[in-house]
Amino acid sequence: MRPVYLCGFMGCGKSHIGRMLAKACTAVFIDLDRYIVNNQKMTIPEIFAQKGEPYFRDLEARYIKNFKGRTIIATGGGAILRDETAEFAREKGIVVFLNAGFDTCYGRIKSDTNRPLVVNNTKEQLKAIYDTRLPIYRKNSTYEVNANTSDKTIANEIIKLIELDTKAHNKLKG
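Residues numbered from 1 in each chain as written. Predicted model: local features only at pLDDT ≥ 70, side-chain atom pairs only at ≥ 80, totals over all residues. Heavy atoms only, no water.

So, on to the pairing of strand E1 (residues 4-7). Along any regular strand the residues' side chains alternate between the sheet's two faces. Here E1 shows no split at all, with Val4 and Leu6 on one side and Tyr5 and Cys7 on the other all buried. Bridge count for E1 against strand E3 (residues 71-74) is 3 bridges, and the pairing is parallel. When the sheet's bridge partners are listed, tyrosine 5 is paired in E3 with isoleucine 73. Direction of pairing for E1 relative to strand E4 (residues 94-99): parallel, over a ladder of 4 bridges. Bridged to leucine 6 within E4 is valine 96. (Buried < 20%, exposed > 50% of the residue type's maximum accessible area, 1.4 Å probe, protein only. Helix = DSSP H or I, 4+ residues; strand = E, 2+ residues; numbered from the N terminus. Pairing = 2+ DSSP bridges.)

If you want it as structure tokens, here you go:
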């Protein structure tokens, strides 16, 4: 199994589904935001305030390259927006876009003070960010999964994609 990078807007379920997948696939689960916080010894709001969003996006791009093998990575909402980061992730593994509607995502994130983009933007501004990111997630992912359904359905669909990818990858190697 190659690494699986889950992408999508804040609140689409990357971390929750990622933990489910890791358990089902006996893989390591990495929440990229937590990984960055642990390595930088700073919270995400502190990183944004002291070093800026471009610095944080550079960290995402750099750290994404650290993961190999049986790993499920819940990327941050902006990690796969950079074409070169997405290209690396697609070459080394698969990128799965969890496509949840804006209202679903917003309902989950609206009170989260650990998300600088949520704290610093109105609902309308976040919707504009969502609308801007949607086609980029589609372009930069290997697969798109409907994340407006049950957790079990989402996880099962991704497991099927992982199995297909593993078979195809093994055929190329073999």
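Here we take up the pattern of salt bridges. The tally for this structure, following the rule as stated, stands at 7 salt bridges. Of the charged contacts, one joins arginine 2 and aspartate 165 as a salt bridge, the two residues approaching to 2.8 Å between their closest N and O atoms. With arginine 2 in the segment before E1 and aspartate 165 in helix H9 (residues 151-173), this pair connects stretches of sequence that are 163 residues apart. A residue is classified by how much of its surface remains accessible, and aspartate 165, at 10% relative accessible area, is buried. Arginine 57 serves as the salt-bridge partner of glutamate 53, at 3.0 Å between the closest nitrogen and oxygen. Of this pair, glutamate 53 and arginine 57 both sit in helix H4 (residues 53-64), 4 residues apart, which is roughly one turn of that helix. Overall, arginine 57 belongs to the buried group, its relative accessible area being 13%. When salt bridges that share partners are traced, they join Glu53, Arg57 and Glu60 into one network. (Salt bridge = Lys/Arg side-chain N within 4 Å of Asp/Glu carboxyl O.)

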